[in-house]
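# Observations on the three-dimensional arrangement
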Amino acid sequence: MAKIEFQNIHKSFGTTKVIENLNLTLEDGKFNVLVGPSGCGKTTLLRIIAGIGPATSGRILLDGVDISNVPPGQRGVAMVFQSYAIYPMMTVRQNIEFGLKNNRVPKAERERRISEVSQIVGLEPYLGRKPSQLSGGQRQRVALARAMVKEPTVFLMDEPLSNLDAKLRAAMRSELVQLHKQLQTTFVYVTHDQVEAMAMGDCIILMDQGRIMQQSDPETMYRDPDNIFTAQFIGTPPTNILGLESESFKLGFRPEAISLSVNPAPDKAFTHRVSILTREMLGAETLYKLRLRNGQEVMARLTDSSLMVGDELYLQVDEENLYFFDSEGNRVRKTLSQQYGAMLERVTRSHES
Amino acid sequence: MVAPAMTFLAIFTFYPLANLVYLSFFRYNLISDKVFVGLTNYRNLLFVKKDFLQALENTVVYSFAVVFFTILLAILFALWLEKDSWFNRFIQKSMFTPYLIAMVSTAYIWSWIFDVNSGLLNAALALIDVSPLRWLNDSSLAIWCIVIVSVWKSLGYYLLIVLASLKSIPREIIEAAELDNTPWLRKFVRIILPMISPQIFFLLITITISSFRVFDSVQVMTNGGPGNATDVLVTYVHRYAFQMNMRVGYASAAGSVLLFILMVLTIFYFRFLGRKVHYQ
Amino acid sequence: MYSKHTGLDLRRGVTSGISFAFKLFMLVLFLFPFYWLIITSFKTYGESIVFPPTLIPRNFTLAAFEQVFSRLNLWNYLKNSIIVTLSVIIIQTLVGVPAAYALARYSFRGKGVMLALVMAAFMVPTQITFITVYIMMSKLRWLNTLLPQIVPFGASAYGIFLLRQAFMQVPADIIEAARLDNASELKIITRIMLPAARSSLMTVSLFSFVGSWNSYFWPLVMSNSEKVRPLTLAIERLKDQDAGINWPVIMAGNMIMVLPVLVIFLLLSNKIISAVGYRGIK
Ligand SMILES: Nc1ncnc2c1ncn2[C@@H]1O[C@H](COP(=O)(O)OP(=O)(O)OP(=O)(O)O)[C@@H](O)[C@H]1O
Ligand SMILES: [Mg+2]
């Protein structure tokens, strides 16, 4: 039961402003993922929720209650730190127990919760060990167990998987998703990896330079970006963005939305003559770097691997896969704007001239 | 949380310092009233009486000797005892032990070893048919005896520090030099010494500062004698403040000179620290 | 090829032989004075001055120790040394730990100045401040108490400095995790910071102990009666009262003084050695 609301949040370190006037609502029970490039303020936002790095100004509400002045230990939130922050001088059991003791949880209850949690994360055999005697993955589990045992209303995680190897990371990803299904509490999960964000989140919050660029479910994030930043951050390779001659707006389409053919089909919205610069065979798919006649380059991702470097072809994109952005980089949608028709027409004509 | 600590430091460190410099401009013997005399004390100290300059000279000679031998021996022994073995660790421990013992005890033990009539050293000299020396009673030897005792007492401590800094040199750098077939001396001069030079410099300053404060060993072993051959700054200040009619103002002036010397050394040291932080 | 090889082996053998012999010599040089201290204290006065000196006491006797106890009220000196040393360690810890914690973890106005003052105080020797502290103490009429040997050492600049270094090494994340676990500041200090700074704390206490137990100059100045003097000053009395110096008695007195330090060192030597080395390169 916890909805988190940020109201007019500002945060500066000394004179550098990191977050300016941020408003955001994280719904109850969701697996929220905060994603964005390094240094955009994800950790800062998480620390504001936890209360360990309070905002410079603005309010933060938990289920409608202002908790801006509640000390971190009494907010009912638990956090898994990027560095795990396990107490090195305590055993695994003492690590898990520490918060419970501070909150005066009775002994019997503590025992019950510790054995339950350590069973879930598979730490039972290691309860008597010191953190230095654990592997990276096991330490990560200690950090997780320490958070879970408090039965928090909000679960904060700051890139908890970034120190693990690829295989363990994949395994832990699905375990965390399962854990969320089990606990049904609000998760706020920070990552800078868009693949992880797409794979795990119910709700993705994409940030850049302290601002929220888009907040939506993964599907929408991918299919219906609000701006150039989102279009390019989500998906690999990133969305191709083209400027058109003597136009202020920009055109975008995903590498996988491209079709290439010797004879252009007549019903496509965007057609352009291209030559293949490079070819990268990935297995099921192949990446091509293409050069347009005006010198701009775009990436295409196709299942067809038969095309060769030097081939001259027609690049085509359907209307539903074209994104238009205004000069600020914001999306111009079909439903919302009259400009859309004009832009589409100019794009369609651009190859005839 | 810092207040109690700062209060202690203010009352027992900074106020006494200021007061010392203040008193150095007065004639004062704890009983009569203070009389302002300007720079008279300093003039007497530096230009009229000869004994202060003698004490200063003794202190400087003592300090240079201690610094030189301690650092030289610490480096040599560190290189020699560097390999981690049971025996080497045992030697390191043995060498460190005197550091923890009171200088008073050390001084008594060595006085006994230096004893002219029944001391161990003269007995050893007799064994090889050398006529006995007068050690602490010999005005030209005495100060060197005190130097030996100081080096003996603290060498083990500085050895440990040099050893630790040798260990902090990344192994790969040494290994790279060995792969390049660098001769031993060249490896030491071009690689090891530059890598540990910040610590060596640090030791240079700390040993110098602590040498200028020498008192216990001199007091016990020679009491400044014979004559004033081993009189040093602190015994000098102590003598004038508490024995020679309690000439507190005059002793304060002598203390202020010592303070000035230590301050110059300290500033030197801070400068260096600043550079080291920069360097990392 | 073959002969060159054995030549090398031979040279190596000789080098390591010399090296070993020299190491033994070092051991003698550093341990023999202690041996000499011990055996002299078990000799009779007569045996101590025979020539050539005996390396093993012919008549093993406790006479020197008996003399020490009969000539001095040794318990009084011992009691003073213990009270002063323990008080200094306790007060320094109580005063120094919070100060070091605040200087390591909080930012507040004047922090830079305070740090500079601590560093400066670290450099000021008692051999300079003693004149004016003495005047202060005599005005307070404290000179016939143990207070002048304790109170001026209430804050150890060196200890604060070293502990602060150690506290700063504790990752901020861990302290924040503890805050999230609802731990009070006191609990953070006792459960997180002090265990993490254990080896620095041990070093600081050890050097406080050694410094206080061994101090000679300060109590010499700051006491005006035998009643308040520590062991270091007692030995001088063994010397004064005799015409010829009775070395066995003096060595027996020194034995009593040195023994606690030696015992502690023997018990903790590995820890002490590594703590000293580590501290040195910081
Ligand atoms: N204590 C601090 N003092 C000054 N600036 C800080 C401090 N902490 C963070 N910043 C700045 O605030 C900005 C946001 O930092 P934050 O740690 O929130 O980034 P992040 O999104 O978590 O990045 P990453 O993915 O690299 O962890 C950065 O530009 C950083 O330089
Ligand atoms: Mg971060």
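This text follows the structure it describes.
Let me sum up the structure you'll find in this document. (Residues numbered from 1 in each chain as written. Chains lettered and ligands numbered in written order. Predicted model: local features only at pLDDT ≥ 70, side-chain atom pairs only at ≥ 80, totals over all residues. Heavy atoms only, no water.)

Across its full length, chain A carries nine helices and 19 strands. Seen through its C-alpha atoms, chain A measures out along the principal axes to roughly 80 × 45 × 35 Å. Split into buried and exposed, the 353 residues of chain A put 49% on the buried side. Contacts in chain A between residues at least 24 apart in sequence constitute 63% of all its contacts with a sequence separation of at least 6. If you sum the accessible surface of chain A, you get close to 16,300 Å²; carbon and sulfur atoms cover 47% of it. Taking the average location of the 41 positive side-chain charges in chain A and that of its 41 negative ones, the two points are 8 Å from each other. (Helix = DSSP H or I, 4+ residues; strand = E, 2+ residues; numbered from the N terminus. Buried < 20%, exposed > 50% of the residue type's maximum accessible area, 1.4 Å probe, protein only. Contact = heavy atoms within 4.5 Å. Areas by Shrake-Rupley, 256 points an atom, 1.4 Å probe, with all protein chains shown as cover. Lys, Arg positive; Asp, Glu negative; His and termini not counted. Charge placed at Lys NZ, Arg CZ, Asp CG, Glu CD.)

Okay, the interface of chain C and chain A next. Size of an interface: often given as the accessible area lost when the parts come together. Each side of the interface is counted separately: chain C has 15 residues, and chain A has 22 residues. When chain C packs against chain A, close to 1,800 Å² is buried across both sides, 58% of that on carbon and sulfur atoms. Three residues, Leu180(C), Asp181(C) and Asn182(C), lead the burial of chain C against chain A; their summed loss comes to 40% of the area buried on that side. The interface formed by chain C and chain A holds two salt bridges in total. Residue Asp181(C) pairs with Lys150(A) through a salt bridge whose shortest N-O separation is 3.0 Å. At the surface where chain C touches chain A, the tally comes to 11 residue pairs in polar contact (both at pLDDT 80 or more). Residue assignment for the side of chain C that touches chain A shows that the elements contributing at least two residues are helix H9 (172–180) and helix H10 (185–196) of chain C. (Buried area = accessible area lost by both parts, 1.4 Å probe. Salt bridge = Lys/Arg side-chain N within 4 Å of Asp/Glu carboxyl O. Polar contact = N/O pair within 3.5 Å; in protein donor to acceptor, adjacent residues only side chain to side chain.)

Once that is clear, we can look at the sheet that holds strand S4 (residues 57–62) of chain A. Residue and element names in this part refer to chain A. The four strands lie next to each other as S2-S1-S4-S5, forming an open sheet whose pairing is antiparallel. For this open sheet the edge positions go to strand S2 (16–26) and strand S5 (65–66), each flanked by a neighbour on one side alone. Set on the sheet, helix H1 (residues 42–50) makes contact with strand S1 (4–13), S2 and S4; between it and S1 the angle comes to about 120°. (Pairing = 2+ DSSP bridges. Axes fitted to C-alpha atoms, helices over the stretch in contact; angles between N-to-C directions.)

Across the two pairs of chains in contact, the largest number of contacts is found between chains B and C. Note that chain A does not reach chain B: the shortest distance linking a C-alpha of one to a C-alpha of the other is 21 Å.

Here the focus is the nonpolar core. With 151 residues, the main nonpolar core has Leu45(B), Met95(B), Phe96(B), Phe130(C) and Ile131(C) as its most contacted residues. Each of domain 1 (33–72 + 238–282) and domain 2 (82–233) of chain C accounts for three or more of the residues forming this core. For Met95(B), the contacting residues outside a window of four places in its chain are Phe77(B), Leu81(B), Leu155(B), Gly156(B), Leu159(B), Met26(C) and Phe30(C). Cys40(A), Ala99(C), Ala100(C) and Ile175(C) belong to the second largest nonpolar core, which has 67 residues in total. (Core = buried A, V, L, I, M, F, W, Y, C linked by side-chain atoms within 4.5 Å. Domains from an automatic or database assignment.)

Here we come to the site of ligand 1. Residues and elements named next belong to chain A. Around ligand 1, the structure places Phe13, Val18, Ser38, Gly39, Cys40, Gly41, Lys42, Thr43, Thr44 and Glu159. At 2.5 Å, a side-chain N or O of threonine 43 approaches an oxygen atom of ligand 1. One nitrogen or oxygen atom from the side chain of glutamate 159 is found 3.1 Å from an oxygen atom belonging to ligand 1. For ligand 1, whose accessible area on its own is 630 Å², the fraction buried by protein is 58%. Among the elements that make up the shell around ligand 1, the one with the highest residue count is H1 (three residues). Split into classes, the residues belonging to the shell around ligand 1 amount to three nonpolar, five polar and two charged. (Near = heavy atom within 4 Å. Nonpolar A, V, L, I, M, F, W, Y, C, P; charged D, E, K, R; others polar.)

Turning to the interface of chain C and chain B, a few remarks are in order. Facing 86 residues of chain C, the contacting portion of chain B comprises 83 residues. Summing both partners gives a buried area of about 7,500 Å² for chain C against chain B, and 82% of it is carried by carbon and sulfur. Counting across the interface, chain C meets chain B through zero salt bridges. Ranked by residues supplied to the side of chain C that touches chain B, first place goes to helix H14 (residues 247–281) of chain C with 18 residues. Its residues placed into classes, the side of chain C that touches chain B shows 67 nonpolar, 14 polar and five charged.

For the rest of this paragraph, the subject is the packing of aromatic side chains. The final tally for this structure, using the stated rule, is 54 aromatic pairs over all chains. Judged by centre distance (6.3 Å) and plane angle (80°), the rings of Tyr101(C) and Phe167(C) are edge-to-face. Residue Tyr101(C) is found in helix H4 (residues 74–105), and its partner Phe167(C) is found in helix H8 (residues 157–169); the two are separated by 66 residues along the sequence. Residue Tyr101(C) is classed as buried on the basis of its relative accessible area, which comes to 0%. Classification of Phe167(C) by relative accessible area gives buried; the value is 0%. Put simply, the rings of Phe96(B), Tyr99(B), Tyr157(B), Tyr158(B), Phe207(C) and Phe265(C) touch in pairs and so form one group of aromatic residues. Seen from the ring of Tyr87(A), Arg146(A) lies directly overhead, with NZ or CZ sitting 4.7 Å from the centre. (Phe/Tyr/Trp six-rings, centres within 6.5 Å; stacked < 30°, edge-to-face > 60°. Lys NZ or Arg CZ within 6 Å of the ring centre and 35° of its normal.)

Okay, the pairing of strand S16 (residues 297–302) of chain A next. Residues and elements named next belong to chain A. Covered by surrounding structure in S16 are Val298, Ala300 and Leu302 only, the residues Glu297, Met299 and Arg301 on the alternate face being uncovered. Pairing of strand S15 (residues 286–292) with S16 involves six bridges; the strand directions are antiparallel. Paired with leucine 287 across the strands is arginine 301, a residue of S16.

Looking now at helix H5 (residues 166–183) of chain A. Residues and elements named next belong to chain A. Under the 1.5 Å per step criterion, the end-to-end length of H5 is 26 Å for 18 residues, consistent within 8% with the ideal 26 Å. For H5, every residue scored as buried is listed here: Met172, Arg173, Leu176, Leu179 and His180. All buried residues of H5 fall inside an arc of 130° around its axis, so they share one side. Along H5, exposed side chains directed more than 90 degrees from the buried face belong to Lys167, Gln178, Lys181 and Gln182. Where H5 is buried, its residues touch strand S3 (31–35), helix H3 (107–121), helix H4 (136–148), strand S7 (154–158), strand S8 (186–191) and helix H6 (194–200). Backbone geometry just after H5 places glutamine 184 at a positive phi near 60°. (Expected span 1.5 Å × (residues − 1). Arc of directions from axis to C-beta.)

Remember that the coordinates give geometry; whether it matters functionally is a separate question.
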